[in-house]
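Next come the chains, spelled out residue by residue.
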Amino acid sequence: MPSVVDFSGTLQPSHEEWVKSVYDECRTSMSFKFHDSIIKEFFASSQFLYEQMPLGKLHAVTCEYINGEKQFYHRAQKFYEDVTPSEEGMMGDFVELSEVDLEGSRQFLKKFVGGPGKASTKRALDCGCGIGRVSKGVFFPIFETMEMADMTEEFLLHAHEEYLGDYADRVESYYCYNLKDLILPPIRYDVVWIQWVACHLTDKDLMEFLKRCQTSLRPNGVIIIKDNMARQGCKLDPTDSSLQRHLDVMKFIIGKAGLKVLDVQKQEGFPEVMVPIWMIAMR
Ligand SMILES: C[S@@+](CC[C@H](N)C(=O)[O-])C[C@H]1O[C@@H](n2cnc3c(N)ncnc32)[C@H](O)[C@@H]1O
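Residues numbered from 1 in each chain as written. Predicted model: local features only at pLDDT ≥ 70, side-chain atom pairs only at ≥ 80, totals over all residues. Heavy atoms only, no water.

Rules: UniProt positions are given in the numbering used here, feature names are shortened, and annotations may be inferred rather than shown by experiment.
Looking at an unreviewed UniProt entry, one finds the chain named Alpha N-terminal protein methyltransferase 1B isoform X1 and attributed to Clupea harengus. Its UniProt record gives the chain the following Sequence similarities (unreviewed entry) comment, quoted word for word: "Belongs to the methyltransferase superfamily. NTM1 family."

Structure follows, in structure tokens:
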């Protein structure tokens with residue numbers, strides 16, 4: 001049936017209105033892209049990150065690439081270039097707490113290493129090892145050999161040439177890599193220790209790294225994450241690209257990596273005003 005459509009009452013948009021609506025559409029699709037990439041990289045933490053800064057800035061500090069380089073990792077790299085290769089550098093302003101931290105680690109490690117049904121003491125991997133503070137204080141006295149991984153070459157050189165002393169002879173390999181790119185040999189380590197560095201990986205990269213750690217474990221081997229964990233939600237520090245996650249968020253990522261949590265323990269002896277530090281054992 002023929003119809004006559006009466007356009008007389010229809011408002012034709014002005015050019016300015018048209019430009020604005022196209023702009024709004026693009027803006028919407030841009031924010032969709034921002035959301036999409038943030039959720040892919042921070043699938044467990046994203047809902048908490050949204051509360052902290054506007055979407056555009058959040059995208060820039062978490063997901064933006066400049067000259068092919070992801071700014072999240074670039075900023076951390078720049079940050080550590082200015083950190084001195086020393087125990088003070090590794091501990092921030094809290095070097096006096098280093099021994100408390102190491103003793104807490106020794107006690108926690110005992111639960112999983114050396115004895116029937118526990119991991120053996122052949123070889124451990126210290127991830128984000130820095131100058132080797134944890135390797136020296138916790139692992140060398142127990143393990144036959146060590147491997148150490150850190151993205152900052154200066155720290156590894158200092159470890160080998162100075163800090164570790166004679167222990168350096170028992171280091172089988174130094175891996176100067178960002179953990180997000182580190183491929184591990186299969187069935188090699190009794191313990192994979194990840195201290196104060198899980199916070200520098202995106203959720204996705206941490207999950208992928210944990211999967212690779214799992215395949216690198218020897219029988220009864222164990223992976224241990226020790227890190228600052230937020231009391232609530234997640235908090236991102238864009239200065240050094242570190243992300244404090246609540247213990248439950250961390251456990252969610254661990255579960256997504258296909259690992260089972262064996263035990264969790266809070267580090268005691270640190271002042272209450274500080275961000276809580278937790279150790280999580282898994283395999
Ligand atoms: C706070 S220090 C801790 C060092 C050591 N775990 C300790 O407890 O003494 C963090 C270390 O992680 C390293 N790091 C940060 N992000 C990294 C990444 N994505 N891949 C590998 N190493 C990283 C830094 O170079 C630095 O040595």
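### Thoughts on the packing of aromatic side chains
To keep it simple, the criterion reads: Centres within 6.5 Å are what make two rings of Phe, Tyr or Trp a pair, Trp counting through its six-membered ring; a difference in plane orientation under 30 degrees is then read as stacked, over 60 as edge-to-face, and the rest as tilted. To qualify as a helix, a DSSP run of H or I must reach at least 4 residues; to qualify as a strand, a run of E must reach at least 2; elements of each kind are numbered from the N terminus. Classification of residues uses two cut-offs on accessible area relative to the type maximum, computed with a 1.4 Å probe and protein chains only: under 20% is buried, over 50% is exposed, and between them is partly exposed. Lysine and arginine charges are scored as sitting over a ring when NZ or CZ, respectively, is within 6 Å of the ring centre and within 35 degrees of the ring normal.
According to the stated counting rule, one finds 9 aromatic pairs in the structure shown. Aromatic pair F79 and Y80: ring centres 5.1 Å apart, planes at 85°, arrangement edge-to-face. Relative to W193, the ring of F139 has its centre 5.5 Å away and its plane inclined at 75°; by these criteria the two rings are edge-to-face. Separated by 54 residues along the polypeptide, F139 in helix α7 (residues 133-139) and W193 in strand β6 (residues 189-195) bring together distant segments of the chain. No difference in accessibility class separates F139 from W193, as the two residues are buried. The residue whose ring lies beneath K136 is Y163, and the NZ or CZ to ring-centre distance is 4.1 Å. Lying over the aromatic face of Y73, K180 brings its terminal NZ or CZ to 5.4 Å of the ring centre.

### Quick word on the site of the ligand
Note the threshold: Whether a residue is near a molecule or strand depends on its heavy atoms: if one lies within 4 Å, it is near. The definition of a polar contact used here is a pair of N or O atoms within 3.5 Å, where within protein one atom must be able to donate a hydrogen and the other to accept one, and adjacent residues in sequence count solely through side-chain atom pairs. Values of accessible area rely on a 1.4 Å probe in the Shrake-Rupley scheme; residue burial ignores everything except the protein chains shown. The way it works is a 1 Å grid over only the protein atoms, where trapped points that fit a 1.4 Å probe form a cavity and open points with protein on both sides within 12 Å along at least five of seven lines form a pocket, and then any residue with an atom within 4 Å of a point lines it. Placement in a cavity or pocket follows one criterion, namely that more than half of the molecule's atoms lie within 2 Å of its grid points.
Close to the ligand lie 19 residues, the nearest being G128, R133, D150, T152 and N178. A distance of 3.2 Å separates a nitrogen atom of the ligand from a polar backbone atom of M151. One of the backbone N or O atoms of Q195 is found 3.0 Å from a nitrogen atom in the ligand. In isolation the ligand exposes 600 Å². Once the protein is present, 97% of that is buried. Put simply, the ligand lies in the largest pocket.

### Focus: the pattern of salt bridges
Charged atoms that come close allow side chains of opposite charge to pair. Under the convention used in this document: Take a side-chain nitrogen of Lys or Arg and a carboxyl oxygen of Asp or Glu: if they are within 4 Å of each other, that pair is a salt bridge.
The final tally for this structure, using the stated rule, is 17 salt bridges. For D101, the salt bridge identified is with K226, shortest N-O distance 2.7 Å. With a gap of 125 residues between them, D101 in helix α6 (residues 98-110) and K226 in strand β7 (residues 217-228) connect regions that are remote in the sequence. Each of R123, E147, E172 and R188 takes part in salt bridges that share partners, so that together they form one network.

### Focus on the environment of G165
Following the sequence through the fold, G165 ends up in the loop between α8 (153-163) and β5 (171-175). According to the relative accessible area criterion, G165 is partly exposed, its value standing at 41%.

### A word on the nonpolar core
How we decide: Remark: nonpolar core denotes a set of buried residues (Ala, Val, Leu, Ile, Met, Phe, Trp, Tyr, Cys) joined through side-chain atoms within 4.5 Å. Contacts: residue pairs with any heavy atoms within 4.5 Å of one another.
Judged by nonpolar contacts, the single largest core of 44 residues is most densely connected at V192, I194, F209, L210, I223 and I225. Aside from chain neighbours lying at most four places away, what touches L210 is I194, I223, I225, I254, A257, L259 and M282. V83, A159, L164 and A281 belong to the second-largest nonpolar core, a separate cluster that totals 31 residues.

### A word on the layout of surface pockets
What counts is decided by this rule: Grid points are joined across faces, edges and corners, and a volume is the space filled by probe spheres set on the points. Three residue categories are used. Nonpolar comprises Ala, Val, Leu, Ile, Met, Phe, Trp, Tyr, Cys and Pro, charged comprises Asp, Glu, Lys and Arg, and polar comprises the others, including Gly.
Taken as a whole, the largest pocket holds about 1,000 Å³ of empty space. As for the largest pocket, its lining consists of 45 residues, of which Y80, M90, W196, H200 and D240 are closest to the centre. Every element with two or more residues in the lining of the largest pocket is listed here: α4 (71-81), α5 (87-91), β3 (123-127), α7, β7, β8 (234-237) and β9 (242-245). The space that makes up the second largest pocket amounts to roughly 220 Å³. Contributing to the lining of the second largest pocket are 16 residues, with Y73, Q77, N178, K180 and D181 lying nearest its centre. Elements that contribute at least two residues to the lining of the second largest pocket include exactly β2 (69-70), α4 and α9 (203-215). Residues that form the lining of the second largest pocket fall into these classes: 5 nonpolar, 4 polar and 7 charged.

### As for the environment of P219
On the secondary structure map, P219 appears in strand β7. Here the alpha-carbon distance between P219 and G104, two residues 115 residues apart in the chain, equals 24 Å.

### Focus: the sheet that holds strand β11 (residues 277-282)
Note the cut-off: In this scheme, strands are said to pair when DSSP sees at least two bridges between them. Lines fitted to C-alpha atoms define the axes, with helix axes restricted to the stretch in contact, and inter-axis angles between N-to-C directions lie between 0 and 180 degrees.
If you trace the 7 strands from one edge of the open sheet to the other, you get β5-β4-β3-β6-β7-β11-β10, paired in mixed fashion. Since the sheet does not close on itself, it has two edges, and those belong to β5 and β10 (261-266), each with one partner. The sheet shows a mean angle of 15° between the axes of neighbouring strands, taken without regard to direction. Bridging between β6 and β7 involves 6 bridges; their strand directions are parallel. Following the sheet pairing, W193 is matched in β7 by I224. Across the face of the sheet, helix α10 (residues 247-256) comes into contact with β7, β10 and β11 while running at roughly 20° to β11.

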